[in-house]
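Observations on chain architecture
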Amino acid sequence: MDGMNGYMPVDSRREADELKAARKHFSMLGGMFVLGTILLYAVQLIPAIIVGVLRPEWLINPDVALLFSSVPMYLAGMPLLIVLVRIVPGDRLERHSMKAGPFLVSVIMCFAVMYASNIVGNIITTIIGILKGSAVDNVISDIATSTSMWLVFLVMVICAPIMEEYIFRKLIVDRTVRYGEGTAILVSGLMFGLFHGNLNQFAYAFSLGVFLAFLYVKTGNLKITIALHMIINFVGGVVSKWLMEKVNIDEYMRIVSEGMDAETLMSYVMEHLSGWIAYMVFLIFVIGMLIAGGILIVVNLVKKRFTLNRGMVMIPRGKRFRTVILNAGMIVYCLFWIVMIIVQLVM
């Protein structure tokens, strides 16, 4: 009779209030990221437009173009994003240290996650490229191969890991872990993956983001995830760039496109023999990381070491996606970056 009179039981009313508050919280988080992203683009575009008008020849140099893009982003855009996101209430995680052994195990698993998801991403983009009749541009690869080594190191190994770990691990996880560690980890990975704005990077950025978020949730120690991020970017950016230069990949592609003349190919291989030996060693390293990391992940799964704790606020099953994602702020954030990814695919 109480239900017929419009009376809602106390527990049901409390749950409805908590879900409403949670949806508002996630909407605010997504909204701050949307606003921060707009400001980030603005601080990047304004200097580029000014230089493009006054000194367009400067932007022909890949190093100068990357500097005009990255310096405003790291010195102004991301700090503004941080200020906005910090408006959203958060919680402080308990901090734990990590010994050398577990850290090494984390490094190996990190490489396995990154390489496996990168393979999946490349397969997907290759299929899309075949369907559309032209290859999908790999933005990060183009930047890494066209710019100088010192700039790749500065941007990819120093600036990116520090800023991205603070924003996408600490800020996001601290503000979502109250709704459960699993929720915090998935939101961190999803927002991190989408933020890269292209499909080539989304697969491994999402997977790597989930793994790093798990480590941050369990340790509360941002130095650990920053160090792992730096190692991954050093190998994926600096080492890969050095190998491509050692084997002179542009010359190799030219020989392949001209018909793979045996004499020319043999001359090229002998001239760059040290580079190809280094490249083969690197491939062995990649395969080794995939196998060793895969085994470690399976062992940890079997031993149930990837356990996740519930949060202070419990979102019932069946209502999590609607609460966490289907709100104004998160919908706009996701749609914005999905559109950016689609544009990158069709261009």
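Residues numbered from 1 in each chain as written. Predicted model: local features only at pLDDT ≥ 70, side-chain atom pairs only at ≥ 80, totals over all residues. Heavy atoms only, no water.

Time to look at the overall build of the chain. Counting secondary structure elements, the chain contains 13 helices and 0 strands. Listing each helix as α and each strand as β along the chain from the N terminus yields α-α-α-α-α-α-α-α-α-α-α-α-α. Of the roughly 18500 Å² of accessible surface on the chain, 70% is carried by carbon and sulfur atoms. Put simply, the chain has 28 plus and 22 minus side-chain charges, and the middle of one group is 15 Å from the middle of the other. (Helix = DSSP H or I, 4+ residues; strand = E, 2+ residues; numbered from the N terminus. Areas by Shrake-Rupley, 256 points an atom, 1.4 Å probe, with all protein chains shown as cover. Lys, Arg positive; Asp, Glu negative; His and termini not counted. Charge placed at Lys NZ, Arg CZ, Asp CG, Glu CD.)

For the pair helix H5 (residues 149–176) and helix H7 (residues 199–219), interaxial distance at closest approach is 10 Å and the crossing angle is 55°. Classified by the angle their axes make, H5 and H7 are oblique. Considering how the two elements wind past one another, H5 and H7 form a crossing that is right-handed. Along its contact with H5, which presents Glu 165, Arg 169, Lys 170, Val 173 and Asp 174, the element H7 presents Gly 209, Leu 212, Ala 213, Tyr 216 and Val 217. Looking at the contact of H5 with H7 residue by residue, the classes come out as 5 nonpolar, 1 polar and 4 charged. (Axes fitted to C-alpha atoms, helices over the stretch in contact; angles between N-to-C directions. Parallel < 35°, antiparallel > 145°, perpendicular 65-115°, else oblique. Left-handed = near helix turned anticlockwise from the far one by under 90°. Contact = heavy atoms within 4.5 Å. Nonpolar A, V, L, I, M, F, W, Y, C, P; charged D, E, K, R; others polar.)

Scanning all chains against the criterion turns up 5 salt bridges. Note that Lys 170 and Asp 174 form a salt bridge whose closest N and O atoms lie 2.9 Å from each other. Of this pair, Lys 170 and Asp 174 both sit in helix H5, separated by 4 residues, roughly a single helical turn. A relative accessible area of 5% places Asp 174 in the buried class. (Salt bridge = Lys/Arg side-chain N within 4 Å of Asp/Glu carboxyl O. Buried < 20%, exposed > 50% of the residue type's maximum accessible area, 1.4 Å probe, protein only.)

Turning our eyes to something else, we now look at a nonpolar patch on the surface. A contiguous nonpolar patch, built from Phe 321, Leu 326, Ile 331, Leu 335, Ile 338, Val 339, Ile 342, Val 343, Val 346 and Met 347 and spanning about 940 Å² of accessible area, is present on the exposed surface. In terms of residue count, the dominant contributor to the nonpolar patch is helix H13 (residues 328–346) (7 residues). Classification of Ile 331 as partly exposed rests on a relative accessible area of 33%. (Patch = residues over 30% accessible without salt bridge, like charges linked within 9 Å, V, L, I, M, F, W, Y side chains within 5 Å.)

Attention now goes to the side chain of Asn 300. Take Asn 300: it is sitting in helix H11 (residues 273–302). When its relative accessible area of 11% is taken as the criterion, Asn 300 is described as buried. Within the structure, the side chain of Asn 300 is placed 2.6 Å from the backbone oxygen of Leu 296, a separation counted as a polar contact. Excluding anything up to four places from it in sequence, Asn 300 contacts Met 109, Arg 305 and Phe 306. (Polar contact = N/O pair within 3.5 Å; in protein donor to acceptor, adjacent residues only side chain to side chain.)

Let us look at the packing of aromatic side chains. Counted according to the given criterion, the structure contains 17 aromatic pairs. Both rings, one in Phe 202 and one in Phe 206, keep their centres 5.9 Å apart while their planes meet at 15°; by these two values the pair is stacked. In this pair, Phe 202 and Phe 206 are both assigned in helix H7, 4 residues apart and thus about one turn of the helix distant. The partly exposed category is assigned to Phe 202, whose relative accessible area is 21%. Put simply, the rings of Phe 33, Tyr 41, Phe 168, Phe 192, Phe 195, Tyr 333, Phe 336 and Trp 337 pair up and form one aromatic cluster. A cation sits over an aromatic face here: Arg 169 above Phe 192, 4.4 Å from the ring centre. (Phe/Tyr/Trp six-rings, centres within 6.5 Å; stacked < 30°, edge-to-face > 60°. Lys NZ or Arg CZ within 6 Å of the ring centre and 35° of its normal.)

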